[in-house]
Amino acid sequence: MVPHQYAERCDEILTHTDIIERVRPDMPEEESLYELSELFKVFGDTTRIRILYALFESEMCVCDIASLLNMTQSAISHQLRILKNAHLVRARRDGKTIFYALDDDHVHTIISQGMEHISE
């Protein structure tokens, strides 16, 4: 949505149709943009970011994550379920223990580049 102050100016000048027509074919479908928006919402919670950063460093079980973050195992399990549903973490069973890790290199890159971006 264009802010009101710019909407009036836009009526006074010619639209840059060459730019619009060049960009239009590369615009993703609404469903894809919605899914991307939902993915970024998952990153909008500090607890989930803390869990992801812990898993950025090492594969861990719920008990270890809870101890590291000084939270209950129940709270960690709830957040891990959300992260797993978003395909950001994966689980691996070893006997009775389930270990969690970042799902793939894409998640590692998101965390790494996010940290780099805020450090600048």
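1. Some details on the pattern of salt bridges
Opposite charge on two side chains lets them pair, provided their charged atoms get close.
Okay, step 1: According to the stated counting rule, one finds three salt bridges in the structure shown.
Okay, step 2: One salt bridge in this structure joins glutamate 59 and arginine 92, with 2.6 Å as the shortest N-O distance. Residue glutamate 59 is located in the loop between helix H4 (46-57) and strand S1 (60-61), and its partner arginine 92 is located in strand S2 (residues 89-94); the two are separated by 33 residues in the primary sequence.
Okay, step 3: Classification of arginine 92 as partly exposed rests on a relative accessible area of 34%.

2. A few points about the pairing of strand S3 (residues 97-102)
Okay, step 1: For S1 and S3, the ladder comprises two bridges, and the chain directions are antiparallel. Bridging across to S3, cysteine 61 finds its partner in phenylalanine 99.
Okay, step 2: Two strands pair when backbone bridges link them, and S2 and S3 are joined in this way by six bridges, in the antiparallel orientation. Counted as the bridge partner of arginine 90 is alanine 101 from S3.

3. With respect to the confidence of the model for the protein chain
Okay, step 1: Here the protein chain shows a mean pLDDT of 89. Residues at 70 or above account for 88%.
Okay, step 2: Note on residues 1-8: pLDDT is under 50 here. Beyond four places in sequence and across chains, it has one contact.

4. Quick notes on helix H5 (residues 62-69)
Okay, step 1: For H5, the full list of buried residues reads Val62, Ile65, Ala66 and Leu69. One face of H5 carries all of its buried residues, which in axial projection span an arc of 100 degrees. Turned more than 90 degrees away from the buried face of H5 sit Ser67 and Leu68, all of them exposed.
Okay, step 2: Among the structural elements, H4, S1, helix H6 (73-85) and S3 are those in contact with the buried residues of H5.
Okay, step 3: Positioned one or two residues after H5, asparagine 70 has a phi angle of 55 degrees, which is positive.

5. Here's the deal with a nonpolar patch on the surface
Okay, step 1: Residues Ile19, Val23 and Met27 make up a contiguous nonpolar surface patch of roughly 250 Å² in combined accessible area.
Okay, step 2: Relative to the elements of secondary structure, isoleucine 19 occurs in helix H2 (residues 17-23).
Okay, step 3: Note on isoleucine 19: relative accessible area 39%, which makes it partly exposed.

6. Some thoughts on the nonpolar core
Okay, step 1: Judged by nonpolar contacts, the single largest core of 22 residues is most densely connected at Leu52, Leu55 and Leu80.
Okay, step 2: Every element with two or more residues in this core is listed here: H4, H5, H6, S3 and helix H7 (105-119).
Okay, step 3: Per element, the largest residue contribution to this core is five residues, and it comes from H4.
Okay, step 4: Ignoring any residue separated from it by four or fewer positions in sequence, one finds leucine 52 in contact with Phe43, Leu83, Leu88, Val89, Leu102, Val107 and Ile111.

Definitions and cut-offs
Residues numbered from 1 in each chain as written. Predicted model: local features only at pLDDT ≥ 70, side-chain atom pairs only at ≥ 80, totals over all residues. Heavy atoms only, no water. Salt bridge = Lys/Arg side-chain N within 4 Å of Asp/Glu carboxyl O. Helix = DSSP H or I, 4+ residues; strand = E, 2+ residues; numbered from the N terminus. Buried < 20%, exposed > 50% of the residue type's maximum accessible area, 1.4 Å probe, protein only. Pairing = 2+ DSSP bridges. pLDDT = per-residue confidence, 0-100. Contact = heavy atoms within 4.5 Å. Arc of directions from axis to C-beta. Patch = residues over 30% accessible without salt bridge, like charges linked within 9 Å, V, L, I, M, F, W, Y side chains within 5 Å. Areas by Shrake-Rupley, 256 points an atom, 1.4 Å probe, with all protein chains shown as cover. Core = buried A, V, L, I, M, F, W, Y, C linked by side-chain atoms within 4.5 Å.

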